[in-house]
Amino acid sequence: QVQPAESGGGVVQAGDSLTLSCSVSGGTFVGDDMVAWYRQAPGKEREVIGTITWDAGSRHYADSMRGRFTIYRNYHENRAWLHMNGLKPEDTDIYSCKIQRGSVVYWGQGTQVTVSS
């Protein structure tokens with residue numbers, strides 16, 4: 001079983017930057033993994049932020065997320081990252097990491113990001 005694990009959330013001020021981490025609990029990423037970051041506010045649908053392939057590091061962003069958010073991976077640390085700039089109160093959400101390995105999808109439990117005004 002693949003278990004994504006997120007970390008790095010917390011309470012920040014509007015305008016701050018924050019970097020979230022995604023790792024594989026008890027394991028590692030493999031070359032064909034697709035890693036995606038999502039966010040979800042209470043009562044709303046989960047929305048995708050962007051994706052990155054582990055092997056090639058090819059990134060794709062949702063149009064609404066492009067510009068402030070950056071996804072990257074660190075091969076030696078075996079982590080995928082979500083870097084966020086210029087955070088706004090509307091960015092207050094649970095941020096989750098998803099790993100797709102072949103046809104199987106694994107979800108992390110998420111990390112809370114709260115942006116105060």
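Residues numbered from 1 in each chain as written. Predicted model: local features only at pLDDT ≥ 70, side-chain atom pairs only at ≥ 80, totals over all residues. Heavy atoms only, no water.

Quick look at the overall build of the protein chain
Move 1: Check the secondary structure of the protein chain and you find zero helices and 11 strands.
Move 2: The C-alpha radius of gyration computed for the protein chain amounts to 13 Å, which stays within 12% of the reference 13 Å derived for 117 residues, consistent with globular compactness.
Move 3: Structurally, the protein chain occupies a C-alpha span of about 40 × 25 × 25 Å along its principal axes.
Move 4: Looking at the protein chain residue by residue over its 117 residues, the buried ones come to 39%.
Move 5: Relative to all contacts within the protein chain whose residues are 6 or more apart in sequence, the contacts with residues 24 or more apart total 50%.
Move 6: Taken as a whole, the protein chain presents about 6,300 Å² of accessible surface, with 46% of it coming from carbon and sulfur.
Move 7: Where the 11 positive side-chain charges of the protein chain centre and where its 12 negative ones centre are 1 Å apart. (Helix = DSSP H or I, 4+ residues; strand = E, 2+ residues; numbered from the N terminus. Rg over C-alpha atoms; globule rule 2.2 N^0.38 Å. Buried < 20%, exposed > 50% of the residue type's maximum accessible area, 1.4 Å probe, protein only. Contact = heavy atoms within 4.5 Å. Areas by Shrake-Rupley, 256 points an atom, 1.4 Å probe, with all protein chains shown as cover. Lys, Arg positive; Asp, Glu negative; His and termini not counted. Charge placed at Lys NZ, Arg CZ, Asp CG, Glu CD.)

Remarks on the state of the cysteines
Move 1: All chains considered together, the criterion is met by one disulfide.
Move 2: The partner cysteine of C22 in its disulfide is C97, sulfur to sulfur 2.0 Å. Between C22 and C97, the S-S dihedral sits near -70°, and the bridge is therefore left-handed. Pair noted here: C22 is in strand β3 (residues 18-24) and C97 is in strand β9 (residues 93-101), with a separation of 75 residues, a long-range link. Comparing C22 with C97 shows no difference in burial state: the two are buried. (Disulfide = S-S within 2.5 Å.)

Considerations on the side chain of S21
Move 1: Structurally, S21 is set in strand β3.
Move 2: Since its relative accessible area comes to 3%, S21 is described here as buried.
Move 3: Within the local environment of S21, its side chain forms a polar contact with the side chain of R79, the two groups lying 2.8 Å apart.
Move 4: If sequence neighbours within four positions are ignored, S21 has contacts with A5, E6, S7, W37, R79, A80 and W81. (Polar contact = N/O pair within 3.5 Å; in protein donor to acceptor, adjacent residues only side chain to side chain.)

With respect to the packing of aromatic side chains
Given two aromatic rings, their pairing is described by the distance between the two centres and the angle made by the two planes.
Move 1: Overall, the coordinates contain four aromatic pairs when judged by the stated rule.
Move 2: Ring plane angle 15° and centroid distance 6.2 Å describe the contact between Y72 and W81, whose orientation is recorded as stacked.
Move 3: Its relative accessible area of 17% is what places W81 among the buried residues.
Move 4: Geometry around W107 places R46 over its ring, the cationic atom sitting 3.9 Å from the centre.
Move 5: R73 extends its terminal NZ or CZ atom over the ring of W54, reaching a point 6.0 Å from the ring centre. (Phe/Tyr/Trp six-rings, centres within 6.5 Å; stacked < 30°, edge-to-face > 60°. Lys NZ or Arg CZ within 6 Å of the ring centre and 35° of its normal.)

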